[in-house]
Amino acid sequence: MDLLNLSSTMLYTAFILYLVATLFFGATIRQDKSERRKKTKSGTIGITITIIGFIAQLIYLITRWIASGHAPVSNMFEFMTFLGMSMVLAFIILYFYYKLSFLGLFALPIAMIIIAYASMFPTEISPLVPSLQSHWLYIHVTTVALGQGILFISFAAGIMYLIRQIDQTSLNKGSVWLEIVMYVMILFIGFIVITTTFNIMDYHAEFEYSEGGTVITTDYHLPAIAGPHEGTLLTEGVMKPWFDTPTWMQGADAGRKFNTVIWSFITGTILYGLVRLIIRKRVGAKLQPLLKNVKPDLLDEIMYRSVAIGFPVFTLGGLIFAAIWAQIAWGRFWGWDPKEVWALVTWFFYAAFLHLRLSRGWHGEKSAWLAVGGFAIIMFNLIVVNLVLAGLHSYA
Amino acid sequence: MNKIKCECGHINPEGTVLCEACGKPIEGNQHIDGNEGKKLLNMRYDGTARRSQTYNKSVVDKIWSFFSSVKVGVWLIVIALVASMIGTIFPQEIYIPADAVSRDPAIFYEDRYGVLGLIYYQLGFHNLYSSWWYMILIALIGISLVICSLDRFVPLYKALKRQKAQRHETFLNRQRLYSESSDVADQDIETVKENLKKQRYKIREENGHILAEKGRFSRWGPYVNHIGLIIILLAAIFRTTPLMHTEEYVWVREGQQIALPGTKGEYYIENKEFIMETHDENDERFAQAIQQEGVVPSNFQTDIVIYQATNASIPGAEPELEPILEESIQMNKPAKFDGYTLYQSGYQVNEFTNMTFKVHETDDPDETSLGSFTINLMNPESTYELDSGFRVEIGQYYPDYILDNGVPTSETNFPRNPAFVLMVYPPESDSPEVSFLGIGKNIDATGENEYKIGIEDFELHDVSGLTLRVDYTLPFFILGSAIFMIGVIQGMYWQHRRIWIHPKAGGILLAAHTNKNWFGIKKEIEKSIENTSITMVEDQQELDE
């Protein structure tokens, strides 16, 4: 289908443009201290390319919408891609307010990781089940994504604050935790790298296992380190699993998902090791000098501001619109489904964040850690709740 | 009450930290807002006298102080947050999957999750969100909301109303944004005023002292959103009463007309047809996905007629039914009538309506019928007399037959997989032949039966599962959410900004305060003092620690 091809090409184009834009934002590092906050050439080019990239992604969205007949926010690939897009949008808006080019250097790569991560899930257009056939699908989902995208900026600013401010001269609680955050981000890259590698090699290994009395076949796209519990390998000439997935891991395809997690850890850890080998410092320490020209209180301000802007949007999309739709579709506006509970947890968390800002001593570093924690909760809700805690929202 | 008179002449209530009128720090009260030893004044509540910070003698005072603390509020939120997380580790009781060994929580959790599951169940986490302690936690948050808001709103409102344009010098120089300029021409001050007006500041002037203020209403945002939350919590309490909220689940077979439970016999429903459709696998848009994931349903629909009994109040009378609504209920498209809402919630396809059997001689290769009978599976008779003289008795009836550890039993009461033990009495015989019949099963108990029974025909129907709901609390939830959103936007998307100009010896002191977005107010000041001799404010913020 031509429209669909155009759609994927546009998404790919957007991705490349974001990459190019990041490089331009990176070039702003070299500018003179006196020029800070004033418009710089490379900053302007960077934001222009970002906007073109965003438009390309918008075309992806519209063409895919036309091709499928429904808003492309109905499965893991589509939602994560859309989330990446909202992050970019939130960045563009805040850029025009604060004119902080460095923000792009951090926000765009993370948004790109999200988009790349999305592409690891099945990208076919899937038809909508009856419960999803409603205008609330895109009203609810787009508002949630936008809210999360804005909250993501607080994460980006928080990370920048921590890199800028944390004492890297010694191993301390701050520098170790920051390094763990860096490592986790590299794990995501590890997942993308390994999945792409084996996708290109077109690797398949089929297993058969029984669950609840029915025999299920599952298709591994990565060599099986952990096979399904008491599964039999059907494909010949591929690696045999080293061990079985423990039984307490439940849910659809627990074995395959667990195997993917193992691979991501292995690849991510190797990647991290290589990075450390090359830079011979903690990643945080290596990045620190880049940010020495950014005023920490401006970062603190952006961090707080984006929570202040994102919180109402998230509440509207993630709780209120969600409740309205649930009322229409299932007849109950709140059902303590894991996804709903985690939306509430996110809401509680940012509510606590906003209240803590009222007290002295919670600005700056502590706030930055909270911004990181909040985003971790959002990602947990997206990834772990969808893939592991499986409730009504498990669409991947 | 020990009122405090400030040197500006204003009389402040006990416990005031900064004079309501001129802002001068009141001696002896500075510890309350932690201003001691700090360069900057704590401007959070404008240094007003808060009950919680002033009185701490009686029990009421102590309870008030406890709940009015933001720290306590945040702790309550954090506890609720952690508790909510715990509830998602394993599924809640209502989400025990259909394929579980047993839906009895006492068995399910231990069976599936081992010791951890058992502990989870024993601690009551399987019903966490309706547990008494979770309810209490939410109620405590509610109390904290009310007290926090009252403790702050009332004094803050008064203070902002009473504030004067003329402020004490210490008030200005202990603001975060502050500058001193000497030799400022009157013309420059006029320019600044004009510029501030252009940026929608309201200007007040007293003896040359200027207060420029905007967005004060955003200070009320938090209190407005708390009112919204309180309405939501109250609605949640009301919802637990049957007066405000009821819910019934009902299975209706195609063609069946029954009284709707929970309507006191006033309403009846007829299921005309249940329709289940699937996405077309030849649709090239979805072909690939369907090929990978299997058939995807596209529609669950029940065509119904709702009847109202016109004489429901007369006990024992045969209801006279009048159709009031004919509709197709789908997912996302419930039917509404008279305060009730009816949702498509479940279905069961291909239940057996009736089965027709015939009797023939066991060794007759043509299986010539010696008479036939039809069993209504919803309402089977105990004996069937055939015209040919045969008599068939139903020995056992399993509507939904399964073998449970070798013992035949019925899984549900619905005729999804009917099976029978039939006693066939040949004409003029008193000793029956026993046959066991089910779908795909026809077992001769002794192996010596002369007559055999075979299925001749059957009819199927679908069953719709519908939820009938009355919820009068919805308007309150909507109202609460709307107020919450208004409040949160009011508080978050606007800022309360004040700029003070204090003439001093030919020059001026300039100070500014905002409750958030300092970057924004700095930009506005910069714009206002452009082309004047006034010095730009400096940020005196001390980053703690």
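Cut-off values and rules
- Every chain is numbered independently, its residues counted from 1 as its sequence is written.
- Lettering for chains starts from A, numbering for ligands starts from 1, and both go in the order in which the items are written.
- Note on the predicted model: pLDDT of at least 70 is required for a residue's local features to be given, and 80 or more for side-chain atom pairs to be given and counted; whole-chain, interface and lining totals, by contrast, use all residues.
- UniProt positions are given in the numbering used here, feature names are shortened, and annotations may be inferred rather than shown by experiment.
- Under the DSSP-based scheme used, a helix requires at least four consecutive residues in state H or I and a strand at least two consecutive residues in state E, with every element numbered from the N terminus.
- Here the limits of each domain have been adopted from an automatic or database domain assignment.
- Contact definition: two residues whose C-beta atoms, as placed from backbone geometry, lie within 7 Å.
- Throughout this entry, Asp, Glu, Lys and Arg are counted as charged residues, while Ala, Val, Leu, Ile, Met, Phe, Trp, Tyr, Cys and Pro are counted as nonpolar. The remaining residues, Gly among them, count as polar.
- Any two strands with at least two DSSP-identified bridges between them are counted as paired.
- Inter-axis angles, ranging from 0 to 180 degrees, are taken between N-to-C directions of lines fitted to C-alpha atoms, where helices are fitted over the stretch in contact.
- Joined through C-beta atoms within 7 Å, a set of buried Ala, Val, Leu, Ile, Met, Phe, Trp, Tyr and Cys residues constitutes a nonpolar core.
- Three exposure classes are used, based on other C-beta atoms lying within 10 Å of a residue's own C-beta, which is placed from the backbone: buried for 20 or more, exposed for 12 or fewer, and partly exposed in between.

Trainee: Quick question: what am I supposed to make of the UniProt feature "transmembrane region" (unreviewed entry) in chain B here?
Mentor: All names here are of chain B. Under the local residue numbering, the UniProt record ascribes the feature "transmembrane region" (unreviewed entry) to residues 72–90, 132–154, 220–238 and 472–494. The distance from the first to the last C-alpha atom of residues 72–90 is 29 Å, and the span holds 79% helix and 0% strand. Taken end to end, residues 472–494 comprises 87% helix and 0% strand; its first and last C-alpha atoms sit 34 Å apart.

Trainee: Can you help me understand the domain arrangement of chain A in this one?
Mentor: Much of the literature gives interface size as the accessible area that the parts lose upon coming together. All names here are of chain A. According to the domain assignment, chain A consists of domain 1 (2–168 + 281–387) and domain 2 (169–280). Between domain 1 and domain 2, the C-alpha centre-to-centre distance is 25 Å. Contacts between the two partners involve 17 residues from domain 1, matched on the other side by 19 residues from domain 2. Residue assignment for the side of domain 1 that touches domain 2 shows that the elements contributing at least two residues are helix 4 (101–118), helix 5 (136–165), helix 8 (283–287) and helix 11 (365–387). In terms of residue class, the side of domain 1 that touches domain 2 is made up of 11 nonpolar, 2 polar and 4 charged.

Trainee: Explanation requested: the sheet that holds strand 18 (residues 419–425) of chain B in the structure shown.
Mentor: In any sheet, the strands associate via hydrogen bonds between backbone groups, in a parallel or an antiparallel arrangement. Residues and elements named next belong to chain B. What the 5 strands build is an open sheet, ordered 14-15-18-19-20; its pairing is antiparallel. Of all the strands in the sheet, the pair left with one neighbour each is strand 14 (383–385) and strand 20 (441–444). Strand-to-strand twist of the sheet, defined as the mean angle between neighbouring strand axes without regard to direction, takes the value 25°. In the sheet, strand 14 pairs with strand 15 (residues 391–398) via 3 bridges, with the strands oriented antiparallel. Directly across from Thr383, in strand 15, lies its bridge partner Glu393.

Trainee: It is not clear to me how the domain arrangement of chain B should be interpreted in this structure. Could you clarify?
Mentor: Per the domain assignment, the segments of chain B are domain 1 (1–38), domain 2 (50–160), domain 3 (169–213 + 497–539), domain 4 (216–241 + 472–494), domain 5 (245–349 + 465–471) and domain 6 (354–457). Look at where the C-alpha atoms of domain 2 of chain B and domain 5 of chain B centre, and you get two points 37 Å apart.

Trainee: I tried to follow the nonpolar core on my own but got confused; where do I start?
Mentor: Taken as a class, soluble globular proteins show a tendency for nonpolar side chains to be buried jointly. Phe91(A), Leu103(A), Ile153(A), Ala156(A), Ala157(A) and Met160(A) are the most contacted members of the largest nonpolar core, which totals 131 residues. Take this core: its biggest share by element is 18 residues, from helix 9 (residues 296–330) of chain A. Beyond its immediate stretch of four places on either side in the chain, Phe91(A) contacts Leu103(A), Gly104(A), Ala107(A), Leu108(A) and Ile153(A). Counting residues in hydrophobic clusters, the runner-up holds 31 residues, among them Ile210(B), Leu211(B), Ile508(B) and Trp518(B).

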